[in-house]
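# Coordinates in review
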Amino acid sequence: MPPSKPLLDKVVVSSALQDIAAVRIASAVAGWSASASPLPTTGIVASGVLAASPIPTVRTAASPVLTASPIPTVRTAASPGVGAVTVSSAAAAAFASGIAARLGFASDVPTGDVFSSLSGRIASALAKLPELAGLAEVNSQLSTMVASMLIGRLAFQPDVASPLGKQMRSITVASGVQARLERRGDIDG
Amino acid sequence: MADADSCGYAAVTTGSFSWLFSDSPEVTAVAGSIDDFAGIEGLLLGCWQVLPISLPKFEKFAGKLHRGRALVDRARARMIADGVVLDLQLRILKRLAANLNAAAIPFVLLKSAAMRFVAYPDCRLRRARDIDMGVAAENLEAAMRVLAETGFQEAQWIEDGQFFEMAEPELRASVESQHHELGFWVRLQEVRGTSREDLEAILAQRNERPAQWDLTDETIPAAYLVADIHHGLALEIGIEEVLATARTIVFEDVVLPVPSSAWLLFHLVYKIYIEGVFNYNEGAYQYTDLCRLIALVSEEDVAQFTSLVERFNLRAAAYYVLRRLPGHFGARLPTELSRLLDDWAQPDVALAPGLQNDWGDMWPKLWGGR
């Protein structure tokens, strides 16, 4: 891991967290400075990062239009970002330990199949933060995200050009933590 | 079992099964050979959007064969399950339209969402994954609020897993900043109290692609209802004129705006060509729309369509797409359009093909050939 540089430059939390409160929460949890997203649509972007899912396949629909250019498309493939490599276990552990310490966990972080239990413990810890008062969904999202980091399902993405054209360093959680859609019961509701 | 390979039609002789999509119920003299059977499986299921049209014909052609019977059963399950989705789409469309009207946001149905009402005797004959709508760029934010109020969520599709999940805002923004449509808006709608036949079909087609269902809950299936909001037909073709010239249809007492026939025809020809020429096995089913729409256009519609073709430099596209109608689908072209095809068949040799949006014939690619 590159200790000479910040481990992460940016954090992106899921769209369910589209509230400035989420930035403050992320900051409180991870100790990162926060800023609103400069992107054209919403998004919570704080300094430092973990995208809560692999970069997905994005639909391209019709498009290339009247030029020979390809359909606007974002990289697809499953799994983390382009050129992603798995972070070393030592780096993952160091990163997880840092968050664990902030959450009041011991350094011997649980792993593997204790994910749900860990997520619950983190949720309990987060619930004590004043910023999370009344924000159960945010708590749920964030605890899942942090728990995923703690069990080491991380992929480290080396410097790549961001959609904004600047270099950034990011971490992508490898799998299984992106929020599912809410099921709706009554179609008229 | 469905898999990626079965979605290709490569073994189908180019165009030999176009009769599946024609406006005639007959299995015509140009029916493909039974030797093409391996390919027709992919064609039939790959064009799931028009199974209510193609499946009865296929049954006449091969339904008595052992392999044909199995394929009919598989296709029927898909068709029934998609029919349940369509019923939900139509119900949510009425709510969405009411909410957009209440918010004073002008909109127009696009693509299949409009085509099923305009070109088919029964809108349930035409299935689709999305409810496509056009909204002016300045109204996108307001439209997004309406979508959220109607229970839709910003989503992204995971191809490998065949499911939608919540969208990543940064990634979504990077796509939307370059695109003429918003990212997916999806409402995951549970289906309760459905008939036993429907439920069995929904479960039986669980491996078909693209998945329209979330079956992770063991007891209650849920359908992905997808709204697709366009602020252009393409990067260079805005939506404003389509909105301004829209007409209305009435569906179950709800008034719905649809594009003029000229715009509908233009958009369809554009899609068949662009999607067809840049892909393999993509979009043959859209000829099902074209066969029916072309029979409805007036002389004035043809004149307006021609104007659009000229304005957007799509003579080559119109030529390649429309010339297939009489021979392969038994569809009659309006006289003026037939004359224009003769003109459009001649390229401007002083210009490079790319400058005329001429990427060659999409026809073989529709069927998986070169």
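## Quick notes on unusual backbone geometry
All names here are of chain B. Following Arg209, the chain continues into Pro210 via a peptide bond in cis, with omega recorded as -5°. Here Pro210 shows up in the loop between α7 (196-204) and β6 (213-214). One non-glycine residue, Glu252, lies in positive phi territory at about 45°. Examined against the element boundaries, Glu252 turns out to sit in the loop between β10 (247-251) and β11 (254-258). Phi is positive for Asn313, close to 60°, though the residue is something other than glycine.

## What about the packing of helix α10 (residues 286-294) of chain B against helix α12 (residues 315-322) of chain B?
Residue and element names in this part refer to chain B. One can describe the packing of α10 onto α12 by two numbers: an axis separation of 12 Å at closest approach and a directional angle of 90°. One finds that α10 runs roughly perpendicular with respect to α12. Facing Tyr287, Leu290 and Ile294 of α10, the residues of α12 in contact are Tyr320, Val321 and Leu322. Taken together, the residues of the contact of α10 with α12 sort by class into six nonpolar, no polar and no charged.

## Concerning the nonpolar core
Counting 121 residues, the largest nonpolar core has Leu109, Tyr287, Leu290, Phe305, Leu322 and Leu325 of chain B as the members making the most contacts within it. If near-sequence neighbours (up to four positions away) are discounted, Leu290 of chain B is found in contact with Leu265, Leu268, Val269, Ile272, Val321, Leu322 and Leu325 of chain B.

## A few points about the state of the cysteines
Residue and element names in this part refer to chain B. Inspection of every chain in the model, using the stated rule, returns zero disulfides over all chains. Cys291 supplies the cysteine sulfur nearest to Cys123, a cysteine that is in no disulfide, at a spacing of 19 Å. On the basis of relative accessibility, which here comes to 12%, the residue Cys123 falls in the buried class. Among the cysteines around Cys291, which has no disulfide bond, Cys47 carries the closest sulfur, lying 12 Å off.

## Let's talk about helix α11 (residues 299-311) of chain B
All names here are of chain B. Compared with an ideal rise of 1.5 Å per residue, which puts 13 residues at 18 Å, α11 spans 18 Å between its outermost C-alpha atoms and is within 8% of the ideal. Of all the residues in α11, the buried ones are Asp301, Val302, Phe305, Thr306, Leu308 and Val309. For α11, the angular spread of buried residues about the axis comes to 160°, placing them on one side. Turned more than 90 degrees off the buried face of α11, the exposed positions are Glu299 and Glu300. Lining the buried residues of α11 we find α8 (240-244), α9 (261-277), α12 and α14 (335-344). Immediately downstream of α11, the backbone of Asn313 shows phi near 60°, a positive value.

Each value, and the rule that gives it
Position numbers for residues start from 1 in each chain and track the written sequence from start to end. Each chain takes a letter, starting from A, and each ligand takes a number, starting from 1, following the order in which they are written. Local features in this predicted model are restricted to residues whose pLDDT is 70 or higher, and side-chain atom pairs enter the listing and the counts only when it is 80 or higher, whereas totals over whole chains, interfaces and linings include all residues. Computation of side-chain values: all heavy atoms of the structure, hydrogens and water removed. In DSSP terms, a helix is any run of H or I states spanning at least four residues, a strand is any run of E spanning at least two, and both are numbered starting from the N terminus. What counts as an axis is a line fitted to C-alpha atoms, over the stretch in contact for a helix, and the angles between N-to-C directions run from 0 to 180 degrees. Throughout, the term roughly parallel applies to angles under 35 degrees, roughly antiparallel to angles over 145, roughly perpendicular to angles from 65 to 115, and oblique to all others. The criterion used for residue contact is that any of the two residues' heavy atoms lie within 4.5 Å. Three classes are used: nonpolar for Ala, Val, Leu, Ile, Met, Phe, Trp, Tyr, Cys and Pro, charged for Asp, Glu, Lys and Arg, and polar for all others, with Gly counted as polar. Side-chain atoms within 4.5 Å link the members of a nonpolar core, which is a set of buried Ala, Val, Leu, Ile, Met, Phe, Trp, Tyr and Cys residues. Relative accessibility under 20% of the residue-type maximum defines a buried residue, over 50% an exposed one, and the middle range a partly exposed one, all with a 1.4 Å probe and only protein chains included. Cysteine sulfurs are considered disulfide-paired once they come within 2.5 Å of each other. Multiplying 1.5 Å by the helix residue count minus one yields the expected span of that helix. To be clear, the arc concerns the directions from the helix axis to the C-beta atoms.

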